[in-house]
Amino acid sequence: MTGLSLKKVCKKFGDHSVILNVDLSIKPGEFVVFVGPSGCGKSTLLRMIAGLEEISSGEFWIGNKRADQLPVSDRDIAMVFQSYALYPHMTLAENIGFPLRLAKMPKEEVQQKVMTIAEVLHLNNIIDRKPCQISGGQRQRVAIGRALARDPKVILLDEPLSNLDAALRLEMRVELARLHKQLAATMIYVTHDQVEAMTLADRIVILNNGEIAQIGTPLDLYSKPANTFVAEFIGSPKMNIFPVEIDNSKADNASVRLTNEGNDFTFDAPVQTNGPLQMGIRPEHMSPTDNGGIRGLVNRVEHLGSDTYIYWHFSALLSRFRISNRA
Ligand code: ADP
Ligand code: MG
């Protein structure tokens, strides 16, 4: 197992800065997820690690070896893409063994290696089929198998489940978590889906406009977001953000006032700062009440069975809360 580190890594396409001063250390065997909205630079960062894209400035290290100039073939890093592009005329076994045959591994060794991988990926019963005879999830597993064939030190996956339907995505997510445990490989997984990030990652790296917004464990990011971008990105439905005014005239507790025409809501809280602030409340931390509270106009109700999502207007702000229907 190998760790990776990036020091002040930047990427420019012409004059356009896409990645800005990324500092990141990934421990050997860690499962790190890069998450962020479309266009924030996730794939570019991953491609720089793979060696498919040059870094404009900064340093990249694999273990204790400087690697920015190392060619792709010397990095021991495998990458799985969203479109898995299997060879349609080859069987699954031939697809998985392709990089090994390319590396001139003897036939019998290739066969043995392919069978081991097929077993890990639960493909051994269908290994003689062609890609057109299997499901999307199985095809994605073959693509992962092909990446594993050469025992890479690091496995990079760029939105590998985006082309699958919701049920298959869920199934593959569980498979990937199992695979990571079994292989004990260092993995970096790119997704725009915060649920995938929360469920798979040892640590999440949230990117916003080419910069790291926060790095932490899933529960760190959920309970201690460093900024409103992270606060709103993690969690579904999104966190409610309200503008508040703070009155610090009292000695011990400040009074916090939500600003809303004719329907103010004030409470005491240990806030040190003066002036206007923003307050975030997660939908699951609110509940309906007949007694005081914040008044708002319900806009939409979504019944999910286990939970009910209620969208409501507080002044001009659309807010959300969640009721758990679990006993
Ligand atoms: P993500 O994977 O997070 O959706 P990308 O890393 O693909 O984002 O892209 C980040 C930004 O870099 C985008 O604005 C994209 O248009 C730009 N970009 C990516 N590749 C190139 C390229 N080869 N030339 C110019 N701009 C690019
Ligand atoms: Mg991308």
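Residues numbered from 1 in each chain as written. Chains lettered and ligands numbered in written order. Predicted model: local features only at pLDDT ≥ 70, side-chain atom pairs only at ≥ 80, totals over all residues. Heavy atoms only, no water.

Concerning the pattern of salt bridges
Filter applied, for reference: Every case where a carboxyl oxygen of Asp or Glu lies within 4 Å of a side-chain nitrogen of Lys or Arg is listed as a salt bridge. Starting at the N terminus, helices and strands are each numbered in turn, a helix being any DSSP run of H or I of at least four residues and a strand any DSSP run of E of at least two.
As enumerated under the stated definition, the model contains eleven salt bridges in all. Ionic pairing is found between Lys11 and Glu53, a salt bridge with its closest N-O pair at 3.9 Å. With Lys11 in strand S1 (residues 4-13) and Glu53 in the loop between helix H1 (42-50) and strand S4 (57-62), this pair connects stretches of sequence that are 42 residues apart. We note a salt bridge from Asp76 to Lys153, for which the minimum N-O separation is 3.6 Å. A residue pair is termed long-range when its members are at least 10 positions apart, and Asp76 in the loop between strand S5 (65-66) and strand S6 (77-80) and Lys153 in the loop between helix H4 (136-148) and strand S7 (154-158) qualify at 77 residues.

Quick look at H4
In plain terms, the rule: For a helix, the expected span equals 1.5 Å multiplied by the residue count minus one. Here's how the labels work: a residue is buried when its accessible area is under 20% of the maximum for its type, exposed when over 50%, partly exposed in between, all with a 1.4 Å probe on protein chains only. Every residue pair with non-hydrogen atoms within 4.5 Å of one another is taken to be in contact.
For H4, built from 13 residues, the straight-helix expectation of 18 Å at 1.5 Å per residue is met to within 8% by its first-to-last C-alpha distance of 19 Å. Counting buried positions along H4 yields ten of 13 residues, so the element is predominantly enclosed. Of all the residues in H4, the buried ones are Gly137, Gln140, Arg141, Val142, Ala143, Ile144, Gly145, Arg146, Ala147 and Leu148. On its buried side, H4 packs onto S6, helix H2 (92-102), helix H3 (107-120), S7 and helix H5 (166-183).

A look at the side chain of Glu30
What counts is decided by this rule: Identification of polar contacts relies on pairs of N or O atoms within 3.5 Å, with a donor-acceptor requirement for protein atoms, meaning one able to donate a hydrogen and the other able to accept it, and with residues adjacent in sequence counted only if both atoms are side-chain atoms.
Among the secondary structure elements, Glu30 is positioned in the loop between strand S2 (16-26) and strand S3 (31-35). By relative accessible area, Glu30 is classed as buried at 6%. A polar side-chain atom of Glu30 sits 2.6 Å from a polar atom in the side chain of Arg203. If sequence neighbours within four positions are ignored, Glu30 has contacts with Ser25, His180, Ala185, Thr186, Met187, Asp202 and Arg203.

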